[in-house]
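A structural walkthrough
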Amino acid sequence: MLSEFRKKKVKRIFEFYDVNRNGVIETSDIDGICDTFCHEYGWAKGSETDVTFRAGFHALWSGLITAADVNKDNKVSLEEFYANYDVTIKDYEAFHQYIYPFFPGFFPVLDTDGDHDLSFEEFSRFYRGFRNTDADATAAFPLLDFDSNGIITRDEFFLAFYLFHMSEDEAHPSKHFFGILK
Ligand SMILES: [Ca+2]
Ligand SMILES: [Ca+2]
Ligand SMILES: [Ca+2]
Ligand SMILES: [Ca+2]
């Protein structure tokens, strides 16, 4: 069973997926996520990047629905989502098998200039993509820039991503990875 703290973090991911806030994740939510990123990154709808991103996200959705939709109603409820994360972030091996594979594909989308670091601008775009405000991005950037050198390197970003999913340390700033966690 996930601890209450980790459930709180997983709930933040669920809220990201549930774009229309009706309490379940369904195909229309996935289109909504793609629209948000499309807008943030200025991709024309139907452009190559847009099509690639949508295909990737729909593949992710198919995987999620296959694994998490226990009652087969083509929707993923919060309880189903928790139960799925109970398996996928159970331990390091599970994380590596189920969650890690998204990272190498996702990072280059965020790192728009391809220098393997996230500038404040690049980070803010990602954060807004998760429907956070500019003020949230400004607050989160220094928390996730662990060595305070003004950039979030790929390694720092990965460490935050890993600890967001795995850490039980309620004081660790990685809990703010997808949004400021209150
Ligand atoms: Ca929904
Ligand atoms: Ca279901
Ligand atoms: Ca960059
Ligand atoms: Ca740094």
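Attention here is on the structure that accompanies the text. (Residues numbered from 1 in each chain as written. Chains lettered and ligands numbered in written order. Predicted model: local features only at pLDDT ≥ 70, side-chain atom pairs only at ≥ 80, totals over all residues.)

Counting its secondary structure elements, the protein chain contains nine helices and four strands. Ordering the α and β elements of the protein chain from the N terminus gives α-β-α-α-β-α-α-α-β-α-α-β-α. Against the 2.2 N^0.38 benchmark of 16 Å for 182 residues, the protein chain shows a C-alpha radius of gyration of 16 Å, consistent with a compact globule. Considered along the principal axes of its C-alpha atoms, the protein chain spans approximately 45 × 40 × 30 Å. A separation of at least 24 residues holds for 52% of the contacts in the protein chain among residues at least 6 apart in sequence. (Helix = DSSP H or I, 4+ residues; strand = E, 2+ residues; numbered from the N terminus. Rg over C-alpha atoms; globule rule 2.2 N^0.38 Å. Contact = placed C-beta atoms within 7 Å.)

A few words now on the packing of helix H1 (residues 4-17) against helix H4 (residues 78-88). Between H1 and H4, the least distance of the axes is 10 Å, while the angle of their chain directions is 120°. Regarding the angle of H1 to H4, the classification is oblique. For H1 against H4, the interelement crossing comes out right-handed. Two secondary-structure elements touch here, H1 through Lys 7, Val 10, Lys 11 and Phe 14 and H4 through Leu 78, Phe 81, Tyr 82 and Tyr 85. The class makeup of the residues in the contact of H1 with H4 is six nonpolar, no polar and two charged. (Axes fitted to C-alpha atoms, helices over the stretch in contact; angles between N-to-C directions. Parallel < 35°, antiparallel > 145°, perpendicular 65-115°, else oblique. Left-handed = near helix turned anticlockwise from the far one by under 90°. Nonpolar A, V, L, I, M, F, W, Y, C, P; charged D, E, K, R; others polar.)

What follows covers the nonpolar core. Core analysis: the biggest nonpolar cluster contains 14 residues, and Phe 123, Ala 160 and Phe 177 have the highest contact counts within it. Only helix H7 (120-129), helix H8 (134-144) and helix H9 (154-166) provide two or more residues apiece to this core. Counting residues per element, this core draws most heavily on H9, which supplies four residues. What Ala 160 contacts, discounting residues up to four positions off in sequence, is Leu 144, Ser 174 and Phe 177. Counting residues in each nonpolar core, the second largest holds seven residues, with Val 10, Ile 25, Ala 68 and Val 76 among its members. (Core = buried A, V, L, I, M, F, W, Y, C linked by C-beta atoms within 7 Å. Buried ≥ 20, exposed ≤ 12 C-beta atoms within 10 Å, placed from the backbone.)

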